[in-house]
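# Structural overview for review
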Amino acid sequence: MSRSSRRDYSLSEIKKHDQPTDLWMVLYNKVYDVTDFCKYHLGGIEVLYDCGGSDATQAFEDVGHSDFAVEMLQPYLIGQVIADEQREYHTLPKDSQEGTEVIESIKFDELESFENFNDYILRRVIESTNLTVLAIVALSSFILLVLIHTSR
C-alpha cells in the first residue's frame, strides 16, 4: 500500500481483521496489515494471531522488541487509528551524544509514581536479560546438536 493510500481506521473496523488470512494490528496508534509478515515473525505466528484485530502495543513492549523490529514493520503500515479513538502514549528519553532519543513508548498511567517507574525499569531490564539468556541457551543447544551430529 503506498504512502498516499494510507488512511485512518476505527477500532471496530480493525477488529474485523483478526484472521490468519486477514490480520491487522495496532502498535502505537498505527495500523499494520501483518498478514504477510507472519511468516517472518521470529516469535512465531501464534503470537500475532492472538493480537490480531486489536491494540498489540502492550504485548509488543512486554517482549522488548528492538528498533530493527519496528523497522521491519514499516512496509506493512496501512494507516492509523482515528483521532477520537487513539490511546495516549508517552516516551522515555534516553541521553545520547546527539540529543534526546526515544527508547520506547509507555502508557502514562504506568508511571503514576516514582516507585512504579523504578518497577517498570527493573521489569524491562529483567525481561531483556531473560531474552539474552534464552538466546545464549538456544545457540549453545544448536552448537551442541551440530557437534553431536558431526561426531557420528
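For the structure itself, look to the data block above.
Starting afresh in each chain, residues are numbered from 1 along the sequence in its written order. Whole-chain, interface and lining totals are the exception, using all residues; otherwise, since this is a predicted model, local features are given only for residues with pLDDT of at least 70 and side-chain atom pairs are given and counted only at 80 or more. Derived side-chain values reflect all non-hydrogen atoms in the structure, with water molecules and hydrogen atoms excluded from consideration.

### Some remarks on the nonpolar core
Soluble, globular proteins show a tendency: their nonpolar side chains are buried together. One finds Met25, Leu27, Tyr32, Val34, Phe37, Leu48 and Leu73 to be the most contacted residues of the largest nonpolar core, which totals 14 residues. Secondary structure elements follow DSSP: runs of H or I no shorter than four residues count as helices, runs of E no shorter than two count as strands, and numbering proceeds from the N terminus. Looking at this core, the elements with two or more residues in it are strand S3 (22-27) and helix H2 (45-51). By residue number, the principal contributor to this core is S3, which donates three residues. With sequence-adjacent residues up to four places away left out, Leu27 is seen in contact with Tyr32, Ala56, Thr57, Phe60 and Leu73. In these notes, a set of buried Ala, Val, Leu, Ile, Met, Phe, Trp, Tyr and Cys residues joined through side-chain atoms within 4.5 Å is what counts as a nonpolar core. A 1.4 Å probe rolled over the protein chains alone gives each residue an accessible area, and that area as a share of the maximum for its type sets the label: buried under 20%, exposed over 50%, partly exposed in between. In this structure, Tyr9, Trp24, Val31 and Ile78 belong to the second largest nonpolar core, which totals seven residues. Contacts are residue-level and defined by heavy atoms, with any inter-residue pair within 4.5 Å sufficient.

### Considerations on the pattern of salt bridges
Note on definitions: salt bridges are taken to be side-chain nitrogens of Lys or Arg within 4 Å of carboxyl oxygens of Asp or Glu. Considering all chains together, one arrives at two salt bridges under this definition. One salt bridge in this structure joins Arg7 and Glu13, with 2.7 Å as the shortest N-O distance.

### Some words on the pairing of S3
With five of six residues buried, S3 is to be regarded as a mostly interior element. Any two strands between which DSSP finds at least two bridges are classified as paired. Sheet topology places strand S2 (residues 18-19) next to S3; two bridges connect them, and they run antiparallel. Across the sheet, the residue bridging to Asp18 is Leu23, located in S3. Where S2 folds back on S3, the antiparallel hairpin that results is connected by two residues. In the sheet, S3 pairs with strand S4 (residues 30-33) via four bridges, with the strands oriented antiparallel. If you follow Met25 over to S4, its bridge partner there is Tyr32. Two successive antiparallel strands, S3 and S4, enclose a turn made up of two residues, where Tyr28 displays a positive phi of approximately 55°.

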